[in-house]
Amino acid sequence: MTGSRVVALGHYQPARVLTNDDLAAMVDTSDEWITSRVGIRTRHVGGPDEPVDELAAHAAAKALATAGLLPTDIDLVLVATSTAIDRSPSMSARVAARLGMGSPAVMDINVVCSGFTHALATADHAIRAGATTRALVIGADKMGDVADWTDRSSCVLLGDGAGAAVVVADPQGDDAAPGIGPVLWGSVPEMGRAVRIEGTPPRFAQEGQSVYRWATTQLPPIAREVCEKAGVAPEDLGAVVLHQANLRIIEPVAKKIGAVNAVIARDVVDSGNTSAASIPMALSKLIERGEVESGAPALLFGFGGNLSYAGQVILCP
């Protein structure tokens with residue numbers, strides 16, 4: 001069976017930067033309050049003339065250029081997002097049109113914060129099944145559009161951005177040394193409302209303490225099982241890229257996984273919580289800065305909305 005691998009990544013964020021001091025002028029908060037509780041210092045926020053598909057297309061174009069591929073070389077586009085305004089055309093169809101693609105299959109995937117790792121697994125499965133050969137997998141969200149900018153407990157978390165990965169068939173890959181390892185995914189349905197984007201207009205809300213306890217206690221053994229399924233010991237990981245939700249979640253979870261030699265992605269400090277964009281954006285930046293070697297195993301692990309999770313180990317491009 002043909003495996004798959006990630007050959008390139010790209011990321012994009014709006015130009016406008018919103019600092020903690022900027023937020024302190026909008027709601028009752030401070031830089032000290034925000035950094036001590038969530039570790040975030042800045043976030044990027046797009047304007048009304050920067051729709052989600054534009055962010056996604058910029059990230060995708062960068063990934064395609066890095067891969068040395070044309071938009072017409074892609075036969076499957078998957079966009080993970082939970083901030084699409086319209087039901088149709090989908091974000092994936094809009095991205096395909098923006099980039100001038102040929103006739104790719106297009107599909108949106110809404111699993112909120114774990115959307116990218118779900119989408120990456122879906123692309124891997126499609127390639128293994130022979131349904132596609134080159135896929136574009138994008139995580140893109142404008143969380144600023146669903147933020148309640150009067151709620152200091154939630155608005156300080158959120159940012160906008162997009163990250164993209166080019167995934168191709170790997171005839172040399174096999175189950176013993178996959179470029180994209182087996183996915184481990186699931187959810188906690190009875191806690192699904194702990195993270196919500198609901199209403200008209202839609203607004204983000206969460207039960208912060210419940211999410212924190214669930215993430216820091218329940219997720220580390222699941223993440224270790226992801227490594228086990230991939231045949232990689234945690235201490236052999238080159239990078240750990242968790243959903244960039246909150247530095248107070250990322251650091252203890254990474255420690256409990258046991259990835260003592262890995263680079264830990266902390267893009268949340270500069271970008272905030274960008275939902276489905278957070279993992280590909282953080283990994284793209286690590287690779288662009290040369291902090292992770294090509295071929296190094298990286299644990300990608302998304303969690304959050306729906307109280308869902310999905311993770312896999314990939315070999316870095």
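Heads up: the structure comes first, above all this text.
For every chain, the first residue of the written sequence is number 1, and numbering continues from 1 along that sequence. With the structure being a predicted model, the display of local features is reserved for residues of pLDDT at least 70 and the display and counting of side-chain atom pairs for 80 or more, all residues being used for whole-chain, interface and lining totals. Think of the side-chain values as coming from all heavy atoms in the structure, minus any hydrogens and water.

1. A word on the pattern of salt bridges
Then comes step 1: In the sections that follow, a salt bridge refers to a side-chain nitrogen of Lys or Arg positioned within 4 Å of a carboxyl oxygen of Asp or Glu. A full pass over the atoms with the stated rule returns 13 salt bridges.
Then comes step 2: Between Arg-5 and Asp-170 there is a salt bridge, with its nearest N and O atoms 3.9 Å apart. Separated by 165 residues along the polypeptide, Arg-5 in strand E1 (residues 3-12) and Asp-170 in strand E7 (residues 160-170) bring together distant segments of the chain.
Then comes step 3: When the shortest N-O distance is used, the salt bridge between Arg-193 and Glu-198 registers 2.7 Å. In DSSP terms, a helix is any run of H or I states spanning at least four residues, a strand is any run of E spanning at least two, and both are numbered starting from the N terminus.

2. Looking at the sheet that holds strand E8 (residues 184-187)
Then comes step 1: Strands qualify as paired when DSSP identifies two bridges or more between them. As summarised here, the arrangement of the 5 strands in space is E8-E14-E13-E11-E12, forming an open sheet in which the pairing is mixed. Each edge of the open sheet carries a strand with a single partner, namely E8 and strand E12 (263-264).
Then comes step 2: Note that strand E13 (residues 297-304) and strand E14 (residues 308-315) share 8 bridges and pair antiparallel. Pairing of Gly-302 across the sheet is with Ala-310, part of E14.
Then comes step 3: Note on contacts: a residue pair qualifies if any of its non-hydrogen atoms lie within 4.5 Å across the two residues. Fitted lines through C-alpha atoms give the axes, limited to the stretch in contact for helices. The angle between two N-to-C directions lies from 0 to 180 degrees. The sheet strands contacting helix H7 (residues 208-230) are E8, E13 and E14, and the helix crosses E13 at an angle near 145°.
Then comes step 4: Each of strand E11 (239-242), E12 and E13 is contacted by helix H8 (residues 247-257), which is oriented at about 135° to E11, the strand it contacts most.

3. Observations concerning the nonpolar core
Then comes step 1: Within this scheme, the nonpolar core is defined by two criteria: the residues are buried Ala, Val, Leu, Ile, Met, Phe, Trp, Tyr or Cys, and they are joined through side-chain atoms within 4.5 Å. Per-residue accessibility, obtained with a 1.4 Å probe over protein chains only, is compared with the maximum for each type, and a residue is labelled buried under 20%, exposed over 50%, and partly exposed between these values. Counting 51 residues, the largest nonpolar core has Leu-237, Leu-242, Leu-299, Phe-301 and Phe-303 as the members making the most contacts within it.
Then comes step 2: Excluding its chain neighbours within four sequence positions, the residues that come into contact with Phe-303 are Cys-113, Ser-114, Trp-214, Ala-215, Leu-219, Leu-242, His-243, Ala-245, Ile-249, Ser-308 and Tyr-309.
Then comes step 3: With 32 residues, the next largest nonpolar core counts Leu-76, Ala-119, Leu-120 and Leu-286 among its residues.

The analysis is restricted to geometry; functional conclusions fall outside its scope.
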